[in-house]
Amino acid sequence: PVESSLLDCLHNYINAEIVGGAIKSLQDAIDYLTWTFLFRRLLVNPSYYGLQDTSPEAVNSFLLELMTTVLTDLEEAGCVQLGKDDDPTVAKMEEIEPLTLGYIASYYYLDYTSVAMFQENMHEASELSDILTTLSDATEYDELPVRHNEDKINEKLAEKIRWPVREDFEDPHVKANILFQCHMSRLALPMSDFVTDTRSLLDQAMRILQAMIDISAENGWLKTTLNVMYLTQLIAQGCWENKNPMLLIPKMPEKIVQICQKRKIGSLFDLVSRRRGEIVRLLQECKANAKQIDSVTDLLSKLPVMDVKYRLPESGKKDAPAACGSYVPIELRLERSKPVRGKVPMHKCGKPKDEGWWIVIGREEDDELVALKRVSCKKLTEVKMDFEAPERPGCHAHYIYLISDTYRGLDRHRSFDVVVDEHEDDAQNDPDQ
C-alpha cells in the first residue's frame with residue numbers, strides 16, 4: 001500500500017496553513033491533520049509512523065506531541081509566534097500568528113530551515129562571497145547528488161574558482177558553491193552530470209535569492225540587499241562583477257571598451273542610449289563584420305533605457321518638512337525609451353523569463369534600506385511608495401535605486417533630500433510656538 005510522506009514536510013505544510021489563516025491554534029492544527037491521508041494511514045498502519053496502538057488516547061497523544069514539536073520548531077525558526085512568552089507551553093499554542101519569515105517561506109515555497117538560516121547568517125555588511133555561501137547552504141540543495149569519486153572532481157574544480165570553499169568535498173552544499181562559481185566563471189564542466197546538476201541549481205536559485213532579498217530588506221540592510229541583487233544579476237548573466245557589461249553582449253568585439261572610452265561612453269547604459277548609426281560606426285571601428293554588427297545592434301535594441309523621476313507630494317520638502325519618524329509618501333515615474341520585446345535576452349539561468357526591476361530607497365548615511373518594491377516596467381510605470389523619515393531633524397540625503405533582476409550595467413540611481421523637522425508632538429507642546 002502507498003503510505004503518506006507528509007511527515008517529511010509537515011513543518012512547511014503547517015507553516016503554509018498558518019500563513020493562509022486555516023490554522024490559528026494548536027487544536028486547529030490537530031483538527032486539520034485529521035483530514036489528511038496521513039491520519040487515515042496512521043490508523044491502518046500505526047507502526048510505520050511510530051504509533052504503538054490505535055486507541056483514541058494513544059492517537060490523541062501522538063498528534064498532540066507531533067504538533068507541539070512542529071509548532072515549537074517553527075517558533076524557534078522565527079516563522080510563527082505562539083501566544084505570550086509567559087504562557088505555559090500548551091496554553092501559548094492556543095494563539096498562533098505567522099511572522100515575516102513564515103510568510104517568505106510560504107510565498108517562495110522554501111523550507112522553513114532555509115529562511116531561518118538566511119536570517120542567522122546574513123548581516124548588515126554581507127559581501128558577495130558570504131551571500132553565495134549562504135545561498136549554497138540552503139536546505140533546497142540538501143539532495144544535490146555527490147556521486148562516487150565526485151569529491152575528487154570537486155576538489156580539482158575548487159582550485160580553479162575564485163572564492164575558497166569549505167574543504168568537505170562530499171558535502172552537497174560545497175558542491176553547489178563550486179558549481180555556482182563555475183557557472184559565473186563560464187568554466188567547462190568535466191562531465192554531463194555536472195551540467196545537469198548546475199541546471200538544477202539554477203532552476204531554484206532565483207526564488208531563493210528573492211527570499212534572501214526580502215529577508216535582508218525586512219532587516220533594513222541596504223548594502224546586503226543591494227549585494228544580493230547584484231549576485232542575482234551575476235548568476236542570471238553567468239559572469240563576475242569585474243566583467244565589463246558591454247562584453248556580455250554576444251559577438252561584441254573586445255576592442256569596444258577601449259573605443260567607447262575614447263568617445264566618453266563609460267557604460268553599457270551610455271552605449272544603449274546611442275542611436276543605431278553611431279553604434280554601427282563604433283563596431284566598424286572595431287573591425288566587426290556585417291553579421292556581428294547585425295547581431296549586436298539587434299540585441300542592443302532590445303535592452304531597456306530607463307529614466308527615473310520622483311516627487312514628494314506631501315512632506316519631506318523645505319516648505320513642508322516631515323516630522324521625525326513619520327511616513328513620507330513618494331511618487332515615482334519610470335519611463336523606458338524602448339518597448340518590451342519578448343523575454344529577457346542573454347539570460348543564462350534557468351527558463352526564459354520576463355524582465356523585472358526592484359525599486360530600493362535607502363539612506364546611505366545609516367546604511368539603511370527604508371523601502372523596497374518589485375515592479376515590471378512598461379513604457380510608463382507610475383509607482384507610489386512611502387518610507388519612514390529619520391528620527392533626527394535636518395536635511396537627509398536619500399537614494400533611489402532602480403535595479404534589474406537580470407541585466408548588468410543598466411541600473412539607475414539618483415539622490416534626493418528629505419527635510420525633517422522635530423516631532424509633531426514636541427512642536428505642539430513647545431511654549432515658544
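Computed from a prediction, not measured in an experiment: that's the story for all the values here.

Undergrad: Break down the overall build of the protein for me, citing the residues and quoting the values.
TA: The secondary structure content of the protein amounts to 17 helices and ten strands. For the protein, the C-alpha atoms occupy an extent of roughly 85 × 80 × 40 Å along the three principal directions. The 433 residues of the protein split such that 49% are buried. Considering only contacts in the protein between residues 6 or more positions apart, those separated by 24 or more positions represent 67%.

Undergrad: Report on the side chain of Asp171, specifying residues and quantitative values.
TA: As for its position among the elements, Asp171 is in the loop between helix H9 (150-158) and helix H10 (172-185). Judged by its relative accessible area of 15%, Asp171 is buried. In this structure the side chain of Asp171 is engaged in a polar contact, spanning 3.3 Å, whose partner is the side chain of Arg166. Sequence-distant contacts of Asp171, that is, excluding residues within four places in its chain, are made with Val146 and Arg166.

Undergrad: Can you tell me about helix H11 (residues 192-218), naming the residues and giving the values?
TA: Given a rise of 1.5 Å per residue, 27 residues ought to cover 39 Å, and the 40 Å separating the end C-alpha atoms of H11 matches this to within 8%. Maximal helix bending in H11 amounts to about 40 degrees, located at Ala205. Gly220 lies just past H11 and shows a positive phi near 75 degrees.

Undergrad: Describe the nonpolar core, and please don't skip the residues or the numbers.
TA: The biggest cluster of nonpolar side chains holds 89 residues, and the ones touching the most others in it are Met67 and Ile235. With twelve residues, H11 is the largest single contributor of residues to this core. Not counting residues within four places of it along the chain, the set of residues in contact with Met67 comprises Leu10, Ile14, Leu26, Ala29, Ile30 and Leu33.

Undergrad: I'd like a description of the pairing of strand S8 (residues 380-388), backed by residues and values.
TA: Only one face of S8 is covered, namely the face carrying Thr381, Val383, Met385 and Phe387; the face carrying Leu380, Glu382, Lys384, Asp386 and Glu388 is uncovered. When strand S5 (residues 327-336) meets S8, the two strands line up antiparallel, connected through nine bridges. Opposite Leu334, over in S8, you have Thr381 as the bridge partner.

Undergrad: Break down the environment of Asp151 for me, with residues and values.
TA: On the secondary structure map, Asp151 appears in helix H9. Between the alpha carbons of Asp151 and Leu271 there is a distance of 44 Å; along the sequence they are 120 residues apart. The residues touching Asp151, leaving out its near neighbours within four places in the chain, are Val146, Phe169 and Glu170.

Undergrad: Report on the sheet that holds S5, specifying residues and quantitative values.
TA: The three strands lie next to each other as S3-S5-S8, forming an open sheet whose pairing is antiparallel. At either margin of the open sheet sits one strand with a lone partner, and together these are strand S3 (306-311) and S8. Averaged over neighbouring strand pairs, the angle between their axes works out to 25 degrees when direction is ignored.

Undergrad: Mind laying out the pairing of strand S7 (residues 368-375), listing which residues take part and the relevant values?
TA: Within a regular strand, the side chains alternate between the two sheet faces. With seven bridges joining them, strand S6 (residues 357-363) and S7 adopt antiparallel strand pairing. Bridge pairing links Gly362 to Leu369 in S7. Count of turn residues in the S6/S7 antiparallel hairpin: four residues, of which Asp367 carries a positive phi of about 50 degrees.

Undergrad: Break down unusual backbone geometry for me, with residues and values.
TA: The backbone of Asn149 shows a phi angle near 70 degrees, a positive value even though the residue is not glycine. With respect to the helices and strands, Asn149 occurs in the loop between helix H8 (128-136) and H9. One non-glycine residue, Asp367, lies in the positive phi region at around 50 degrees. Relative to the elements of secondary structure, Asp367 occurs in the loop between S6 and S7.

Undergrad: I'd like a rundown of the sheet that holds S6, residues and numbers included.
TA: Read across the sheet, five strands follow the order S4-S10-S9-S6-S7 without closing on themselves; strand pairing throughout is mixed. On the outer flanks of this sheet lie strand S4 (322-323) and S7, each paired with one strand and no other. Pairing between strand S9 (residues 394-404) and strand S10 (residues 412-421): nine bridges, direction antiparallel. Bridged to Ile400 within S10 is Arg414.

Undergrad: Which residues make up the pattern of salt bridges, and what values go with them?
TA: Under the definition given, this model contains 24 salt bridges. The partner of Arg166 in a salt bridge is Asp137, with the nearest N and O atoms 3.2 Å apart. Of this pair, Arg166 sits in the loop between H9 and H10 while Asp137 sits in the loop between H8 and H9; the two residues are 29 residues apart in sequence, bridging distant segments of the chain. Linking Arg162 and Glu241 is a salt bridge whose minimum nitrogen-to-oxygen distance equals 2.6 Å. Of the two residues, Arg162 sits in the loop between H9 and H10 while Glu241 sits in the loop between helix H12 (222-237) and helix H13 (256-262), which places them 79 residues apart along the sequence. You can call Glu241 partly exposed: its relative accessible area is 32%. Linked through salt bridges whose partners overlap, the residues forming this network are Arg147, Glu150, Lys175, Asp193 and Asp197.

Undergrad: Would you mind going over the side chain of Arg363 in detail, with residue names and values included?
TA: Within the fold, Arg363 resides in strand S6. Relative accessible area serves as the criterion here: at 4%, Arg363 is assigned to the buried category. Here Arg363 is in contact with Leu222, Glu368, Val370, Glu388, Ala389, Pro390, Ala397 and His398, once residues within four sequence places are set aside.

About the thresholds
Residues numbered from 1 in each chain as written. Predicted model: local features only at pLDDT ≥ 70, side-chain atom pairs only at ≥ 80, totals over all residues. Heavy atoms only, no water. Helix = DSSP H or I, 4+ residues; strand = E, 2+ residues; numbered from the N terminus. Buried < 20%, exposed > 50% of the residue type's maximum accessible area, 1.4 Å probe, protein only. Contact = heavy atoms within 4.5 Å. Polar contact = N/O pair within 3.5 Å; in protein donor to acceptor, adjacent residues only side chain to side chain. Expected span 1.5 Å × (residues − 1). Bend = angle between axes of the 7 residues up to and from the residue. Core = buried A, V, L, I, M, F, W, Y, C linked by side-chain atoms within 4.5 Å. Pairing = 2+ DSSP bridges. Axes fitted to C-alpha atoms, helices over the stretch in contact; angles between N-to-C directions. Salt bridge = Lys/Arg side-chain N within 4 Å of Asp/Glu carboxyl O.

So, to be careful, I would describe these as geometric facts and stop short of saying anything about function.
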